[in-house]
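Given next are the chains, with one letter for each unit.
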Amino acid sequence: MELGVISVRYARALLKSAVEQKLDDQVYQEMQTLSKSYLQVPELRFTIDNPMLDNGKKESLLVTASGGSGISPLTRRFIALVLSEGRENALQLMAASYITLYRKQKNITRGKLITAVAVTPEIERKMRQRVESRTQGTVEFQTEVNPEIIGGFILEYDTYRMDASIQNQLRQILTQLRK
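Fair warning: this is a prediction, and the values are worked out from it, not measured in the lab.

Enquirer: So what exactly am I meant to see when it comes to the pairing of strand β2 (residues 138–145) here?
Expert: Taken residue by residue, a regular strand's side chains alternate between the two faces of the sheet. Both strand β1 (residues 108–115) and β2 contribute to a ladder of eight bridges, which runs parallel. Bridging from a neighbouring strand, K112 pairs with Q142 of β2. In this fold, β1 hands off to helix α7 (residues 121–135), which returns the chain to β2; that crossover is right-handed.

Written as C-alpha cells, this is what we have:
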C-alpha cells in the first residue's frame, strides 16, 4: 500500500481519537513539534528508520522529538503503535497529514507577512484580521523580516500571494524598460 495512503489513515485515526478525548489541540502542537524536529534534524529520519535500533530507543527519541516527557498519553500510545506495526518510516508523513487534517477541520489558514523591517503588533493584527475576513476562518500568522524586498510587503495565504514590495515594483519597471 502506498505510503501516503497509510500515513493519512493513521493521521485520521489519531485525529478521531484526539477529538473524542478532547486532546486534538495538544496533539496538534505535538505533531507540529515532531514535524519540525524531522525538518530541523535530518538525522532523525535515518536514526528512526535504522532497523538495528530497538523500538524502545526509537520511542524515547520520538517522544523527545514530539515535545518531551510532557506529551499527551495519546501521542505516546500513537508512537508506540506506529513502532509496533513497523510503520516508523511513515511517521513524518503521518505528522504532516495530522496537521493538514486538523487545519482543515478547524478551518485554519496559514498566513505569512514578509516585510523589509519588523512590523508593529498592531499592523500584524490588522493584516491577520484582513486574511481572516477573506478566508472566514482562523489564521496562523507568521511574520518574517527580509531586507532584500527594500520596502512594502508580501502577503501569502492559501494559494494567494500579494507582492507589494519595492523590489517587485523595481523588477516590473526593469521588465517594461527592456521591452
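Enquirer: Sorry, what's going on with unusual backbone geometry here?
Expert: Phi is mostly negative for residues that are not glycine, and the peptide bonds are mostly trans. The backbone phi angle of K22 is positive, close to 60°, even though this residue is not glycine. Phi at N107 takes a positive value of approximately 55°, unusual for a residue other than glycine. The topology assignment puts N107 in the loop between α6 (91–106) and β1. By relative accessible area, N107 is classed as partly exposed at 35%.

Enquirer: Just checking my understanding: could you explain the layout of surface pockets for this structure?
Expert: Over the atoms, a rolling probe the size of a water molecule traces out where space has been left empty. Estimates place the volume of the largest pocket at around 420 Å³. Lining the largest pocket are 16 residues; nearest its centre among them are Q32, I99, R103, R110 and E140. Elements with a contribution of two residues or more to the lining of the largest pocket: α2 (24–40), α6 and β1. If you tally residues by element for the lining of the largest pocket, the top one is α2, at six residues.

Enquirer: Quick question: what am I supposed to make of α6 here?
Expert: Turn by turn, an α-helix covers 3.6 residues, leaving residues three or four places apart pointing in a common direction. Spanning 16 residues, α6 covers 22 Å between terminal C-alpha atoms, matching the ideal 22 Å at 1.5 Å per step. On its buried side, α6 packs onto α1 (3–20), α2, α4 (55–65), α5 (73–84), β1 and β2. Positive backbone phi, at 55°, marks N107, one or two positions downstream of α6.

Enquirer: Help me understand the packing of aromatic side chains in this model?
Expert: The geometry of two aromatic rings is summed up by the distance between their centres and the angle between their planes. In the structure shown here, the tally under the stated rule is four aromatic pairs. Relative to Y102, the ring of Y28 has its centre 4.0 Å away and its plane inclined at 15°; by these criteria the two rings are stacked. Placement of Y28 in helix α2 and of Y102 in helix α6 is noted, with a sequence separation of 74 residues between them. Judged by its relative accessible area of 2%, Y28 falls in the buried class.

Cut-offs used in this document
- Residues numbered from 1 in each chain as written.
- Predicted model: local features only at pLDDT ≥ 70, side-chain atom pairs only at ≥ 80, totals over all residues.
- Heavy atoms only, no water.
- Pairing = 2+ DSSP bridges.
- Helix = DSSP H or I, 4+ residues; strand = E, 2+ residues; numbered from the N terminus.
- Right-handed = clockwise from strand over helix to strand, strands pointing away.
- Buried < 20%, exposed > 50% of the residue type's maximum accessible area, 1.4 Å probe, protein only.
- 1 Å grid on protein atoms, 1.4 Å probe; cavity = no way out; pocket = protein on both sides within 12 Å on 5 of 7 lines; lining within 4 Å.
- Points joined across faces, edges and corners; volume = space filled by probe spheres on them.
- Expected span 1.5 Å × (residues − 1).
- Contact = heavy atoms within 4.5 Å.
- Phe/Tyr/Trp six-rings, centres within 6.5 Å; stacked < 30°, edge-to-face > 60°.

Function-wise, these values are silent; they only describe arrangement.
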